[in-house]
Amino acid sequence: MFKLGVLEEVASEIKTCKKCELWKTRRSTVPGEGGSDAKIMFIGEAPGYWEDIQGKPFVGAAGKLLDRLLTEACLSRDRIFIGNVLKCRPPGNRDPLPSELIACTPYLDKQIQAIKPKIIVTLGNYSTAYLFSKAELKFNGISSLRGKFYKIKLLNLEVTVFPTLHPAAGLYSTRYRQVIIEDFKRLKEWLTVEGLI
Ligand code: URA
Ligand code: SF4
């Protein structure tokens with residue numbers, strides 16, 4: 001009950017947030033979704049067109065691919081938390097600005113601290129770079145870091161981070177899609193060994 005309260009509080013703070021310019025162009029805030037008792041978090045980049053309309057994470061084309069990958073890994077959305085580094089959509093889906101990341105990431109920190117996940121799957125460059133910098137680890141690009149498990153100390157928590165490509169990358173390249181599929185197989189093995197699925 002306590003955990004649920006914190007996540008709701010964070011979501012309501014986000015709803016009225018004006019800490020960066022993105023509040024001016026957003027239609028909805030997208031705080032993220034999932035059980036407060038989730039052991040697994042998936043963190044993407046920022047809401048896109050459909051997420052901005054619906055206020056929910058990963059409901060567009062990339063989300064459809066993510067849903068298929070989750071099913072393959074024996075996961076469903078009601079057992080995980082899915083969110084993004086930024087909680088409002090950058091206009092035209094442009095890359096997040098450093099100033100926006102600085103303004104918004106305290107919300108992600110609070111969500112991680114409330115959930116205390118066993119594993120965080122970072123989808124793409126931005127979430128991976130953020131968690132690596134937070135843990136004071138060298139970030140040398142998603143392509144060289146992806147597909148491996150990193151046991152790190154983050155926000156006073158011991159947590160495993162598993163970076164993979166952003167599902168949107170898998171939409172425009174078959175090769176990238178294959179890479180993501182392989183990574184999710186590895187993830188599924190890890191979750192099995194850990195007794196999480
Ligand atoms: N891309 C993201 O990074 N997050 C979403 O929620 C949707 C698309
Ligand atoms: Fe606030 Fe984050 Fe939205 Fe910027 S992106 S207005 S910091 S919730």
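Refer to the structure presented above.
Predicted model only: the values in this text are computed from it and were never measured.

Trainee: Explanation requested: the packing of helix α4 (residues 98-115) against helix α5 (residues 125-134) in the structure shown.
Mentor: For any two helices packed against each other, one specifies the crossing angle of their axes together with the interaxial distance. At their nearest, the axes of α4 and α5 sit 12 Å apart, and the two run at 75° to each other. When the axes of α4 and α5 are compared, the pair comes out roughly perpendicular. Contacts from Leu-101, Thr-105, Leu-108, Asp-109 and Ile-112 of α4 reach α5 at Tyr-126, Tyr-130, Leu-131 and Lys-134. Each residue belonging to the contact of α4 with α5 can be placed in one class, and the counts come to six nonpolar, one polar and two charged.

Trainee: Explain the pairing of strand β5 (residues 150-154) here, please?
Mentor: Residues of β5 alternate between two faces, with Tyr-150, Ile-152 and Leu-154 buried on one and Lys-151 and Lys-153 left unburied on the opposite face. Judged from the five bridges that link them, β5 and strand β6 (residues 157-164) form a sheet pairing that is antiparallel. Each bridged residue has a counterpart across the sheet, and for Ile-152 the counterpart in β6 is Val-159. Linking two consecutive strands that pair antiparallel, namely β5 and β6, is a turn of two residues; a positive phi of about 50° is found at Leu-155 within it.

Trainee: What should I look at first to understand helix α8 (residues 174-193) in this one?
Mentor: Since the α-helix advances by 3.6 residues per turn, residues separated by three or four positions end up pointing in the same direction. If you check α8, its first and last C-alpha atoms are 29 Å apart, about what 20 residues at 1.5 Å a residue would give, namely 28 Å. When α8 is considered as a whole, its buried residues turn out to be Val-179, Ile-180, Asp-183, Phe-184, Leu-187, Trp-190 and Leu-191. End-on view of α8: buried residues confined to an arc of 135°, all on one side of the axis. What points out from α8, more than 90 degrees from its buried face, is the exposed set Thr-174, Arg-175, Glu-189 and Val-193. Buried residues belonging to α8 abut β2 (40-44), α3 (61-72), β4 (119-123), β6 and α7 (167-172). Capping the start of α8, Ser-173 holds a side-chain oxygen 3.3 Å from the backbone nitrogen of Arg-175, two or three residues further along. Gly-195 lies just past α8 and shows a positive phi near 70°.

Trainee: Please clarify how a nonpolar patch on the surface should be interpreted in this entry.
Mentor: A cluster of nonpolar side chains, contributed by Tyr-49, Trp-50 and Ile-53, occupies part of the molecular surface with about 290 Å² of accessible area. Summarising the element assignment, Tyr-49 is placed in helix α2 (residues 49-54).

Trainee: So what exactly am I meant to see when it comes to the site of ligand 1 here?
Mentor: Residues in close proximity to ligand 1 include Gly-44, Glu-45, Ala-46, Glu-51, Pro-57, Phe-58, Asn-84 and His-166, which together make up its full environment. For ligand 1, an oxygen atom lies 2.9 Å from a polar atom in the backbone of Phe-58. One of the side-chain nitrogen or oxygen atoms of Asn-84 is found 2.7 Å away from a nitrogen atom of ligand 1. Compared with its free state, where it exposes 230 Å², ligand 1 has 91% of that area covered by protein. Counted by class, the shell around ligand 1 contains three nonpolar, three polar and two charged residues.

What counts as what
Residues numbered from 1 in each chain as written. Chains lettered and ligands numbered in written order. Predicted model: local features only at pLDDT ≥ 70, side-chain atom pairs only at ≥ 80, totals over all residues. Heavy atoms only, no water. Axes fitted to C-alpha atoms, helices over the stretch in contact; angles between N-to-C directions. Helix = DSSP H or I, 4+ residues; strand = E, 2+ residues; numbered from the N terminus. Parallel < 35°, antiparallel > 145°, perpendicular 65-115°, else oblique. Contact = heavy atoms within 4.5 Å. Nonpolar A, V, L, I, M, F, W, Y, C, P; charged D, E, K, R; others polar. Buried < 20%, exposed > 50% of the residue type's maximum accessible area, 1.4 Å probe, protein only. Pairing = 2+ DSSP bridges. Expected span 1.5 Å × (residues − 1). Arc of directions from axis to C-beta. Polar contact = N/O pair within 3.5 Å; in protein donor to acceptor, adjacent residues only side chain to side chain. Patch = residues over 30% accessible without salt bridge, like charges linked within 9 Å, V, L, I, M, F, W, Y side chains within 5 Å. Areas by Shrake-Rupley, 256 points an atom, 1.4 Å probe, with all protein chains shown as cover. Salt bridge = Lys/Arg side-chain N within 4 Å of Asp/Glu carboxyl O. Near = heavy atom within 4 Å.

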